[in-house]
Amino acid sequence: MTRTRRTGRGRAHRGSRAAATAGAAVAVLALTAVTAGCEPQAAGSTPSAPSPARTGGSPTDDAKPGADEPGTPTPSASTAPSRPASTPPKPTPSATTAPDPQGKVLMANGAQGKQVRELQARLRQIGHFNRTPTGYYGTVTVTAVQSFQGKRGLSRTGKADTLTWQKLLGMTHEPTAAELNPPTTRPVAKPDKRCMKGRVICISKNSRSLSWMIDGKVVSSMDVRFGSQYTPTREGTFSVYWKSRHHVSTLYDSPMPYAMFFSGGQAVHYSSDFAARGYNGASHGCVNVRDEGKIASLYAQVRNGDKVVVYN
């Protein structure tokens with residue numbers, strides 16, 4: 001009896017070990033099947049659910065920017081509900097693109113040319129511009145246009161827009177040649193005796209005028225401005241030694257169009273500042289001319305070697 005019980009216990013023990021060994025083998029096979037082909041996961045991380053199968057070789061929505069979180073199955077194209085096409089928001093018109101109620105701007109501060117001269121002449125006809133037309137749209141012209149606009153109930157922009165120009169045309173006549181290019185705004189002084197022979201640029205500080213003279217006859221005259229007390233314009237008899245049509249001062253970095261040099265760095269030239277501010281300013285010693293048309297004509301006639309006389 002005793003031997004039989006031992007044999008039974010031995011068989012039972014061996015059976016338990018065999019069952020345990022078989023169970024372990026099954027577990028290893030199952031683990032191997034689950035982990036085959038998986039990428040290693042970092043410690044403490046949770047493996048993600050497998051991605052849904054892709055059909056047709058096209059990417060699923062979660063492969064596109066802004067898709068659902070990874071691991072969320074996405075319906076296929078055949079079963080997914082259709083999405084309405086997104087409509088881009090309509091652009092809001094900006095203030096810069098809004099049309100000007102007074103129309104297109106035709107002329108404004110800094111402009112120059114024949115139309116500006118006509119604008120000034122027409123404004124002068126009705127008392128809004130109290131000086132000779134210069135063809136340069138400076139601060140004086142801005143103020144004159146603002147005055148005209150204010151009287152007519154327009155926005156005081158100081159810019160000659162379409163509506164302002166049309167109203168001005170309706171109130172004025174076409175300027176004559178004398179209105180567009182008056183001889184001068186200042187009386188021409190009696191020429192110095194040194195100006196009576198030959199070709200001479202005769203400049204009077206007292207009358208603030210320049211006369212271009214040939215053999216004692218005045219060919220043209222124009223207003224001029226001189227240097228301040230700290231940078232005075234030299235007086236005496238000189239001659240033009242260099243002409244520079246598009247000159248720019250190397251000392252002051254300012255434009256000096258139609259420059260005709262007669263004494264060192266001093267020259268007769270056009271000044272947009274003089275055209276804009278008049279006698280409220282001064283030069284650094286040069287003789288400024290504010291009428292561009294006249295200085296352009298003078299520049300074309302004067303030759304190197306012509307005499308220049310500056311006197312009081």
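Residues numbered from 1 in each chain as written. Predicted model: local features only at pLDDT ≥ 70, side-chain atom pairs only at ≥ 80, totals over all residues. Heavy atoms only, no water.

Visitor: Report on the overall build of the chain, specifying residues and quantitative values.
Guide: Helix and strand content of the chain: 7 helices and 11 strands. Here the chain, with 312 residues, has 32% of them falling under the buried criterion. Sequence separation of 24 or more characterises 56% of the internal contacts of the chain that already satisfy a separation of 6 or more. By element, 55% of the accessible surface of the chain is carried by carbon and sulfur atoms, the whole surface being about 19,400 Å². (Helix = DSSP H or I, 4+ residues; strand = E, 2+ residues; numbered from the N terminus. Buried < 20%, exposed > 50% of the residue type's maximum accessible area, 1.4 Å probe, protein only. Contact = heavy atoms within 4.5 Å. Areas by Shrake-Rupley, 256 points an atom, 1.4 Å probe, with all protein chains shown as cover.)

Visitor: Help me get a handle on the confidence of the model for the chain, residues and values and all.
Guide: As a note on interpretation, predicted positions should not be read in detail where pLDDT is low. Of the residues in the chain, 67% have a pLDDT of 70 or more, and the chain-wide mean is 77. The model gives residues 1–13 a pLDDT under 50, and that stretch makes 0 contacts with residues more than four places away or in other chains. Of the regions scoring below 50 in pLDDT, residues 24–82 engages in 14 contacts with residues more than four places distant in sequence or in other chains. (pLDDT = per-residue confidence, 0-100.)

Visitor: Describe the packing of helix 2 (residues 114–125) against helix 3 (residues 139–151), and please don't skip the residues or the numbers.
Guide: It is the contact of helix 2 with helix 3, at a shortest axis distance of 11 Å, that shows an interaxial angle of 50 degrees. Taken together, helix 2 and helix 3 sit at an angle that is classed as oblique. When the axes of helix 2 and helix 3 are compared, the crossing they make is left-handed. For the pair helix 2 and helix 3, contact is made by L119, Q120 and L123 and by T141, A144, V145 and F148, respectively. The residue makeup of the contact of helix 2 with helix 3, split by class, is 5 nonpolar, 2 polar and no charged. (Axes fitted to C-alpha atoms, helices over the stretch in contact; angles between N-to-C directions. Parallel < 35°, antiparallel > 145°, perpendicular 65-115°, else oblique. Left-handed = near helix turned anticlockwise from the far one by under 90°. Nonpolar A, V, L, I, M, F, W, Y, C, P; charged D, E, K, R; others polar.)

Visitor: Outline the nonpolar core, supporting the account with residue identities and numerical values.
Guide: Counting 25 residues, the largest nonpolar core has I203 and V268 as its most contacted members. Setting aside residues no more than four positions away along its own chain, V268 makes contact with I203, L210, Y258, A259, M260, F262, V287, V289 and I295. Counting residues in each nonpolar core, the second largest holds 13 residues, with M107, L119, F129 and F148 among its members. (Core = buried A, V, L, I, M, F, W, Y, C linked by side-chain atoms within 4.5 Å.)

Visitor: Any chance you could break down the packing of helix 2 against helix 4 (residues 162–171) for me, citing the residues and the numbers?
Guide: Between two packed helices, both the angle of their axes relative to each other and the distance between the axes serve to describe the pair. At their nearest, the axes of helix 2 and helix 4 sit 10 Å apart, and the two run at 55 degrees to each other. With respect to helix 4, the axis of helix 2 lies oblique. Crossing angle aside, the handedness with which helix 2 passes helix 4 is left-handed. Contacts from Q115, E118, L119, R122 and L123 of helix 2 reach helix 4 at W165, L168 and L169. Residue composition of the contact of helix 2 with helix 4, grouped by class: 5 nonpolar, 1 polar and 2 charged.

Visitor: Let's hear about unusual backbone geometry: which residues, and what values?
Guide: One non-glycine residue with positive phi stands out, namely D215, at about 55 degrees. Take D215: it is sitting in the loop between strand 4 (209–214) and strand 5 (217–225).

Visitor: Explain the environment of N288 to me, using residue names and the numbers behind them.
Guide: Position of N288 among the secondary structure elements: in strand 10 (residues 287–289). With a relative accessible area of 3%, N288 lands in the buried category. Between the C-alpha atom of N288 and that of V224, which follows or precedes it by 64 residues, the distance is 5.2 Å. Beyond its immediate chain neighbours, meaning those up to four positions away, N288 contacts D223, V224, R225, H269, S271, F274 and S283. In terms of polar contacts, N288 uses its side chain to reach the side chain of H269, at 3.3 Å. (Polar contact = N/O pair within 3.5 Å; in protein donor to acceptor, adjacent residues only side chain to side chain.)

Visitor: Before we move on, could you go through the pairing of strand 4 and cite the residues and values that matter?
Guide: The buried fraction of strand 4 is high, at 5 of 6 residues. As paired elements, strand 3 (residues 199–204) and strand 4 share 6 bridges and run antiparallel to each other. When the sheet's bridge partners are listed, S204 is paired in strand 4 with S209. Where strand 3 hands over to strand 4, the hairpin turn is made up of 4 residues, of which R208 adopts a positive phi near 55 degrees. In the sheet, strand 4 pairs with strand 5 via 6 bridges, with the strands oriented antiparallel. Pairing of L210 across the sheet is with M222, part of strand 5. Remark: 2 residues form the turn of the hairpin made by strand 4 and strand 5, two consecutive strands paired antiparallel; D215 in that turn has positive phi of roughly 55 degrees. (Pairing = 2+ DSSP bridges.)

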